[in-house]
Amino acid sequence: MRLSHIARRLPEDIWALFEPVLPPVVYQGTGRRPASNRACFHGLLFVLITGIGWDYVPRGFPCGKTIVQRLRRWLGLDCFRQAWQQLAQRYERFRGINWDKILLDGSKKPAKKGGEETGPSPVDRSKAGSAIHLATDEYGMPLGVVITTAGANDGVQTQQLLQSMVVQPPPPETPVPDPDPRDFPHARADGQYGNRPTQERAQAAGFRMMAPKRGETRQPGLGRIRSAVERGHAFLAQFGRIARRLDRLTRRYLGWVQLAASIIFLRAESHGFFGPRSLLNKCFFR
C-alpha cells in the first residue's frame, strides 16, 4: 500500500476504520448538500501525504475551506487519536509489544510560518521549528507523541511522552503499595535521557529508563536497538504535512501526526506485519 496510491484513491480498508469514528453529516434539507465525510477525508489524506497548501487542493476533492471546517470538527472530537488507539490495541493483541523495549527520541521539524510551540531550531541555523518526541516499540511502530519547541530538552518530556502512549503496559497481577522500580518495563533512549531527573520522570510514568549516563562507555549493540525509533521518525517524515510544519496551531499539527500514525499501522497490517513471527524481519514499506 503505497502512499501515492492512497493519495489517488482511498482504500476501502482505511475508510472502513475511519467511517464509524467520524461523526455523520446531517443534511437539514435547505441549500446545497454538504460534502460527504469520505470525500473530505480523502482530501485530508491527500494534503497530509503531499504537503500542499489548502488553496491548491485539486478539483476532484472538496475545496480547502470545506476540508478545514471538517478537520476542526474531527479534531474537537479527537477522532484521529481514537483510530490510532484502536489500531495500536489491535497490533498489541495480534502481534504483541515488548514492554522492555520502548524507545524514545526526538526529531526537529522546520516551521516556516511559526506558531504555537515553535522556537529557534538548533539544527537549522536557529530558524523556527518544532520537535516531535516519539515513543515506539522495537519495530518502530508509533505509540506516543508530544509536540514541543525545537529547542526543548528531550529528557524533560519523558513523563509526558510515556503517559501519552495510546496503549499502556498491563498492570501487575498483584498490586503493591510501593512497587520496586526494577520491576518496571524498560524505556530505552540516548544520552540525553541518562540523567537522574529524567529517570525519576520515567519512574513517575511507570517505566525504568535505560540510557547511557555521562562518562559511561557506549554499550555494544545499543545503536542497533535504537535504530527502530529512527525508523519511526522516518515513517512520519514520508508525510509532507509532517516533514514541514505549516500549521500554526499545535493541536492541528498533532492531529496530522495522529492521523499519520494510524496510516502507518494500517500499512503495516496490509503488508502482513500483524501475521506470523517469520515476517518480523521483512520491511513492509516498499
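In this text, all values refer to a predicted model and were calculated from it rather than measured experimentally.

Conventions and cut-offs
Residues numbered from 1 in each chain as written. Predicted model: local features only at pLDDT ≥ 70, side-chain atom pairs only at ≥ 80, totals over all residues. Heavy atoms only, no water. Salt bridge = Lys/Arg side-chain N within 4 Å of Asp/Glu carboxyl O. Helix = DSSP H or I, 4+ residues; strand = E, 2+ residues; numbered from the N terminus. Buried < 20%, exposed > 50% of the residue type's maximum accessible area, 1.4 Å probe, protein only. Core = buried A, V, L, I, M, F, W, Y, C linked by side-chain atoms within 4.5 Å. Contact = heavy atoms within 4.5 Å. pLDDT = per-residue confidence, 0-100. Axes fitted to C-alpha atoms, helices over the stretch in contact; angles between N-to-C directions. Parallel < 35°, antiparallel > 145°, perpendicular 65-115°, else oblique. Left-handed = near helix turned anticlockwise from the far one by under 90°. Nonpolar A, V, L, I, M, F, W, Y, C, P; charged D, E, K, R; others polar.

Participant: Even after reading the chapter, I still don't get the pattern of salt bridges, so can you show me in this structure?
Facilitator: Opposite charge on two side chains allows them to pair when their charged atoms are near. With the rule as written, the count across this model stands at 6 salt bridges. In this structure, E12 engages R38 in a salt bridge whose closest nitrogen and oxygen atoms are separated by 2.9 Å. Taken together, the residues span a long stretch of sequence, with E12 in helix α2 (residues 12–18) and R38 in helix α3 (residues 37–50) at a distance of 26 residues. Residue classification places R38 among the partly exposed residues on the basis of a relative accessible area of 29%. Among the ionic pairs, K101 bridges to E138, the shortest N-O distance being 3.8 Å. Of this pair, K101 sits in the loop between α5 (79–94) and β1 (102–110) while E138 sits in the loop between β3 (128–136) and β4 (142–149); the two residues are 37 residues apart in sequence, bridging distant segments of the chain.

Participant: What should I look at first to understand the nonpolar core in this one?
Facilitator: It is characteristic of soluble globular proteins that their nonpolar side chains tend to be buried jointly. Membership of the largest hydrophobic core comes to 74 residues, with the highest contact counts inside it found for F18, F41, L104 and I242. Here this core gets 11 residues from one element, more than from any other, and that element is helix α10 (residues 250–270). With residues up to four places along the chain from it excluded, the contact list for I242 reads L48, K109, I132, L236, Y253, W256, V257 and A260.

Participant: What's the story with the confidence of the model for the protein in this structure? I'm lost.
Facilitator: Regions with low pLDDT should not have their predicted coordinates read in detail. Averaged over all residues, the pLDDT of the protein is 88; the fraction at 70 or higher stands at 92%. Every residue in residues 276–286 scores below 50 in pLDDT, and together they form 20 contacts with partners more than four places removed in sequence or on other chains.

Participant: Teacher, can you tell me more about the packing of α5 against α10 here?
Facilitator: Helix-helix packing is characterised by the crossing angle of the two axes and by the distance between the axes. Following both chains from N to C, one finds α5 and α10 inclined at 30°, their axes separated by 8 Å at the closest point. In terms of their interaxial angle, α5 and α10 are classed as roughly parallel. Helix-helix and strand crossings are classified by hand; for α5 and α10 the assignment is left-handed. Here α5 contributes F80, R81, A83, W84, L87, A88, R90 and Y91 to the contact with α10, which in turn contributes G255, Q258, L259, A261, S262, F265, L266 and E269. In terms of residue class, the contact of α5 with α10 is built from 10 nonpolar, 3 polar and 3 charged.

Participant: Honestly, the packing of helix α4 (residues 64–76) against α10 in this entry has me stumped. Any pointers?
Facilitator: The contact between α4 and α10 brings their axes to 11 Å, and the two run at 85°. Regarding the angle of α4 to α10, the classification is roughly perpendicular. Note on element contacts: α10 touches α4 through R251, R252, G255 and W256, opposite V68, L71, R72 and L75. When the residues that make up the contact of α4 with α10 are grouped by side-chain class, the tally is 4 nonpolar, 1 polar and 3 charged.

Participant: Teacher, can you tell me more about the environment of Q157 here?
Facilitator: In this fold, Q157 is placed in the loop between β4 and α6 (158–163). The class of Q157 is buried, set by a relative accessible area of 11%. C-alpha separation for the pair Q157 and R81, spaced 76 residues apart in sequence, amounts to 19 Å. In this structure Q157 touches H133, T148 and A152, once residues within four positions along its chain are discounted.

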